[in-house]
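Analysis of the macromolecular model
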Amino acid sequence: MSRLVVVSNRVADPRKAAAAGGLAVALGDALSTNGGLWFGWSGTVVEGGAPGEGEMHTQQAGNVTLSTVDLCREDHDSYYLGYSNGVLWPVFHYRLDLADFDAGYIGGYRRVNQLLARKLMPLLRPDDIIWVHDYHLIPMAAELRAMGCKNRIGFFLHIPLPPPLILAAVPQHEWLIRSLFAYDLVGFQSNADVEHFSRYVGEEVGAEKLAEHQFRAFGRRVQAQAFPIGIDVDEFAALTHAKEASDMYERMKSEYSRRRLLLGVERLDYSKGLPQRLKAFRELLKNYPENLKRATLIQIASPSREALDTYAGLRQELESLCGAINGDYGGLDWMPVRYIHRNVARQRLPGLYRAACVALVTPLRDGMNLVAKEFIAAQDPADPGVLVLSRFAGAAEQLKEAILVNPYDVHGTAESIQRALQMPLPERQRRHQLLLERIRSQDVHWWRQTFLSALQACDVT
Ligand code: ADQ
């Protein structure tokens, strides 16, 4: 068996991966099966270091080697904050208005990808299989190929790929897509993303479609297809029944015994549709007054990318919306919104999910959205809560039995929340059973195995 090499922006120690969650566990499992190497940025930013340079650290975690590289401040700011999260993240989530096309960022993005490729190259063995993750590292394979790397290399994009005309707003769009052709396999979250890729390469670069998922352009052949990421359903179910989650569930149940609990959980990010969700909740209280003193929304939004201005602005907007809703509708004995700007321990999260009647997962755009799947896995099948899911989350392609909403339509979303709150038990059970079957058959292990099998089977040019 070939050794697996995973390359991602951040690296997790597989021995401590349980705390980090599903993806770290799945990749850790894949690496430990035959021994492997996990490679990426160390998370350390060196003040005053030289651009394009960084010290490498290596440690052994069982049969997995962890190799990470430090970045200097200038590289970090242009590669991570600037190009990855100031250009690619907003554009790929359809937010051209929030993109900061500073011409200086691309240099740092390329430099860091070159630096990482240069550090990785001597660690590679001829039969290693390389799996690169996410938008920070799109040019990684092209950099490795330029240094003579002949290994099989796959790439998985965790965020959406936008339609051609939106992608074309990135000044380096053609270079980005050409970089994808240095991989043997490119995986996307949803069929919509594959469709955007297919249209882009057909319309913008005149690629030839060789077969169902195969394209030829720039003198190379690439296979592009959807591998919707899943969660570890069994691990999550076990977590749900463990002490910490059970305690959380009991506490919530007794605290909200006379109320209906609605729940939102995410990183505080503009792609997640938080202001629209709060407005929909306000509309629910206004249009369906039976929810007054009865429905409580717990909104957990963990701090994220706070060095970027757009994120600080969003935080203020949310705080003011929550304050206004509580001021207008709340009373001494009931506050409609409990807003928590913090991380909740992963061990306690399933208890919260299980106590909620309704989960609001309403991103404006999302690659997949794992919270939707975690909510389903944590429910009591005998009395399950209802998932209200944005049709713009990648997960909507799989989770058709959720109540699908358009999060921009605040009025329509409020109506759907009301429907979810009133859904009779047999319908809740039927929908939940179908959703659970779906997330179980396409769980995170299925995702990893199908991707790696497809990469092994790729016709390498
Ligand atoms: P994210 O944008 O981070 O991931 P998501 O898929 O929902 O979004 O995953 C978030 C994870 O973090 C979940 O496991 C969730 O439980 C946890 N989490 C979120 N907020 C939390 C909080 N406040 N406290 C504790 N835990 C919290 C990116 C893409 C997604 C894609 C994933 C995986 O943006 O579209 O689904 O990668 O590919």
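Residues numbered from 1 in each chain as written. Predicted model: local features only at pLDDT ≥ 70, side-chain atom pairs only at ≥ 80, totals over all residues. Heavy atoms only, no water.

Attention shifts here to the overall build of the chain. Across its full length, the chain holds 17 helices and 16 strands. Whereas a compact globule of 461 residues would reach a radius of gyration of roughly 23 Å, the chain reaches 23 Å, a difference of no more than 12%. Across the 461 residues in the chain, those meeting the buried criterion constitute 59%. Looking at the chain alone, contacts between residues at least 24 apart form 78% of all its contacts between residues at least 6 apart. Accessible area for the chain stands at about 18,200 Å²; split by element, carbon and sulfur atoms hold 49% of it. For the chain, the distance from the average site of its 52 positive side-chain charges to the average site of its 53 negative ones is 3 Å. (Helix = DSSP H or I, 4+ residues; strand = E, 2+ residues; numbered from the N terminus. Rg over C-alpha atoms; globule rule 2.2 N^0.38 Å. Buried < 20%, exposed > 50% of the residue type's maximum accessible area, 1.4 Å probe, protein only. Contact = heavy atoms within 4.5 Å. Areas by Shrake-Rupley, 256 points an atom, 1.4 Å probe, with all protein chains shown as cover. Lys, Arg positive; Asp, Glu negative; His and termini not counted. Charge placed at Lys NZ, Arg CZ, Asp CG, Glu CD.)

Each assigned domain of the chain is listed here: domain 1 (4-230 + 444-457) and domain 2 (233-440). Here the C-alpha centroids of domain 1 and domain 2 sit 31 Å apart. Facing the 27 residues of domain 1 at the interface are 20 residues of domain 2. Interface area for domain 1 against domain 2, summed over the two sides, is near 1,900 Å², with a carbon-plus-sulfur share of 59%. At the junction of domain 1 and domain 2, the tally comes to 1 salt bridge. Across the salt bridge formed by D193 and R365, the nearest N and O atoms sit 3.8 Å from each other. Our count for the contact surface shared by domain 1 and domain 2 stands at 7 residue pairs in polar contact (both at pLDDT 80 or more). Of all elements in the fold, only α1 (17-20), α2 (22-34), α3 (73-92) and α8 (191-205) reach the threshold of two or more residues within the side of domain 1 that touches domain 2. The biggest single contributor to the side of domain 1 that touches domain 2 is α3, with 5 residues. (Domains from an automatic or database assignment. Buried area = accessible area lost by both parts, 1.4 Å probe. Salt bridge = Lys/Arg side-chain N within 4 Å of Asp/Glu carboxyl O. Polar contact = N/O pair within 3.5 Å; in protein donor to acceptor, adjacent residues only side chain to side chain.)

With that settled, the discussion passes to helix α12 (residues 309-329). The end-to-end C-alpha separation of α12 is 31 Å, in line with the 30 Å expected for 21 residues at 1.5 Å each. Looking only at α12, the buried set comprises Y311, L314, L318, L321, C322, I325 and N326. Along the axis of α12, the buried residues cluster in a sector spanning 125°; they form a single face. In α12, the exposed positions that point more than 90 degrees away from the buried face belong to D309, Q316, G327 and D328. Buried residues along α12 sit against α3, α11 (274-287) and β13 (337-340). (Expected span 1.5 Å × (residues − 1). Arc of directions from axis to C-beta.)

Here S304 lies in the loop between β12 (295-302) and α12. Ignoring anything within four residues of it in the chain, the contact list for S304 reads R267, L268 and Y311.

With that out of the way, let us pick up the packing of helix α14 (residues 370-378) against helix α16 (residues 425-441). How two helices sit against one another is set out by the angle between their axes and by the gap between those axes. Contact geometry of α14 with α16 gives a least axis separation of 9 Å together with a crossing angle of 120°. Relative to α16, α14 is oriented so that their crossing is left-handed. Contact residues: α14 offers K373, I376 and A377, while α16 offers H432, L435, L436 and I439. Residues of the contact of α14 with α16, tallied by class, amount to 5 nonpolar, 1 polar and 1 charged. (Axes fitted to C-alpha atoms, helices over the stretch in contact; angles between N-to-C directions. Left-handed = near helix turned anticlockwise from the far one by under 90°. Nonpolar A, V, L, I, M, F, W, Y, C, P; charged D, E, K, R; others polar.)

This brings us to the site of the ligand. Looking at the ligand, there are 23 residues lining it, with H158, D366, M368, L370 and E374 nearest. Contact with the protein chains removes 84% of the 720 Å² of surface that the ligand exposes when unbound. Among the secondary structure elements, those contributing two or more residues to the shell around the ligand are β11 (260-267), β12, α13 (349-355) and α14. Residue classes in the shell around the ligand are distributed as 10 nonpolar, 6 polar and 7 charged. Shared between two domains, the shell around the ligand holds at least three residues of each, these being domain 1 (4-230 + 444-457) and domain 2 (233-440). (Near = heavy atom within 4 Å.)

Read from one edge of the open sheet, 10 strands run β3-β4-β2-β1-β5-β6-β7-β10-β9-β8, paired in mixed fashion. Only two strands of the sheet have a single neighbouring strand rather than two, namely β3 (56-61) and β8 (208-211). Taking each pair of neighbouring strands and ignoring which way they run, the sheet shows an average axis angle of 25°. Lying on the sheet, α8 is in contact with β7 (185-188), β8, β9 (214-217) and β10 (220-226); it crosses β10 at an angle near 150°. (Pairing = 2+ DSSP bridges.)

What is expected of a backbone is that most residues other than glycine have negative phi and most peptide bonds are trans. Of note in this structure, D134 is not a glycine but carries a positive phi near 75°. Mapped onto the fold, D134 is located in the loop between β5 (129-133) and α5 (140-146). Despite not being glycine, N369 shows a phi value in the positive range, around 95°. In this structure, N369 sits in the loop between β14 (358-361) and α14. In this structure N369 comes out as buried when scored by relative accessible area, which is 7%.

The subject of this paragraph is the packing of aromatic side chains. Tallied over the entire structure, the rule returns 19 aromatic pairs. Relative to F451, the ring of F227 has its centre 5.1 Å away and its plane inclined at 65°; by these criteria the two rings are edge-to-face. Of this pair, F227 sits in the loop between β10 and α9 (233-241) while F451 is found in helix α17 (residues 444-457), placing the two residues 224 residues apart along the sequence. On the basis of an interplanar angle of 55° and a centroid distance of 5.3 Å, the ring pair of Y270 and Y311 is categorised as tilted. Of the two residues, Y270 is situated in the loop between β11 and α11 and Y311 in helix α12; the sequence distance between them amounts to 41 residues. (Phe/Tyr/Trp six-rings, centres within 6.5 Å; stacked < 30°, edge-to-face > 60°.)

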